[in-house]
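# Notes for the structure review
This is what each chain is made of:
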Amino acid sequence: MSAGAFFTSNNSGPLACGQATVIDIDGNTYNTVQIGTQCWMKSSLRTRSKPNGTAMTNSTADNSVTHSERSCPGNGVGTTVPGTEADCTTYGALYEWAVAMNGSILEGAQGICPLGWHIPSDAEWYVLENYLKDNGQTCDANRIGSYDCTAAGTKLKPGGSSGYNGEFGGDRWVVGNYFAYRDSYAVIWSSSRYDSSTAWHRELYSGNAGVIRARNGLTFAFSVRCLKD
């Protein structure tokens, strides 16, 4: 069997989402979770290789942060020291958008996700957060840079009732090439560009029950969560 995503199975056939696991090209195993109509990986991607097997440049290898394709989250606001592989196991890795998309600019592209999975679009993110909002709460699909969809954020956080378990891996800034917000923010790419230099993402914050929808530069490095095709 080629490297990539496949559901483990028993003698009765393939297992359902939530029972099945998926394996990336490097052999990392991810649990799955069914949330509404969607099947998500239950942890953020940490692959070191592109789908064709090419190794990514990695800031943990040479302590160089600038434009490396993959970074393990560094600890502390403003640190230029990347995290270790143990941190990637805990939080998932951080990837620039073009790397996450594996060179594609199409919404819903496979990107660096295993075969059968893809980088969720902005619209697919909205399906998730709107499904998880509390009854009577608003969830504006077109908001920019603001919290909404209470209490979807709480349900998506580590230990939250959705089972999504969004790790607070923080991000890597292109301005100053430093890490920030580990253990307080999860910043997760979508496959939807706003324009030629920015793309939409979602943010979960430990201190708020909502979800931020925002756009940022493609050379920032954020987390990646894969969604089943």
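The coordinates are above.
Reference entry: report on the structure contained in this document. (Residues numbered from 1 in each chain as written. Predicted model: local features only at pLDDT ≥ 70, side-chain atom pairs only at ≥ 80, totals over all residues. Heavy atoms only, no water.)

### Observations regarding the sheet that holds strand E13 (residues 198-205)
Taken in spatial order, the 4 strands make up an open sheet running E9-E14-E13-E12, and their pairing is antiparallel. In this open sheet, the two strands that pair with only one neighbour each are strand E9 (146-148) and strand E12 (185-195). Strand after strand, the sheet turns through a mean of 30° between neighbouring axes, direction not considered. Bridge analysis of E12 against E13 gives 7 bridges, and the strand direction is antiparallel. Across the sheet, residue Arg 193 finds its bridge partner in E13, namely Ala 199. (Pairing = 2+ DSSP bridges. Helix = DSSP H or I, 4+ residues; strand = E, 2+ residues; numbered from the N terminus. Axes fitted to C-alpha atoms, helices over the stretch in contact; angles between N-to-C directions.)

### Details of the packing of aromatic side chains
Scanning the entire structure with this criterion turns up 10 aromatic pairs. For the ring pair Trp 173 and Phe 220, a centre distance of 5.4 Å and an interplane angle of 65° mean the geometry is edge-to-face. Here Trp 173, found in the loop between strand E10 (171-172) and strand E11 (179-180), pairs with Phe 220, found in the loop between strand E14 (211-217) and strand E15 (221-222); they are 47 residues apart in sequence, far enough to count as distant. When its relative accessible area of 26% is taken as the criterion, Trp 173 is described as partly exposed. (Phe/Tyr/Trp six-rings, centres within 6.5 Å; stacked < 30°, edge-to-face > 60°. Buried < 20%, exposed > 50% of the residue type's maximum accessible area, 1.4 Å probe, protein only.)

### Quick notes on the side chain of Ser 192
With respect to the element layout, Ser 192 can be found in strand E12. Excluding residues that lie within four positions of it along the chain, Ser 192 makes contacts with Glu 107, Ser 121, Asp 122, Ala 199 and Trp 200. (Contact = heavy atoms within 4.5 Å.)

### Section: the state of the cysteines
Cysteine pairs can be covalently joined through their sulfur atoms, and such a bond is termed a disulfide. Tallying each qualifying case throughout the model produces 4 disulfides. Put simply, Cys 17 and Cys 39 are joined by a disulfide, and their sulfur atoms are 2.0 Å apart. Between Cys 17 and Cys 39 the disulfide shows an S-S torsion of about 95°. By sign, it is right-handed. With Cys 17 in the loop between strand E2 (13-14) and strand E3 (21-23) and Cys 39 in strand E5 (residues 38-41), the pair connects residues that are 22 residues apart, well separated along the chain. Grouping residues by exposure puts Cys 17 and Cys 39 together as buried. Counting only the cysteines that form disulfides, in the order they appear in the protein, gives the pairing 1-2, 3-4, 5-8, 6-7. (Disulfide = S-S within 2.5 Å.)

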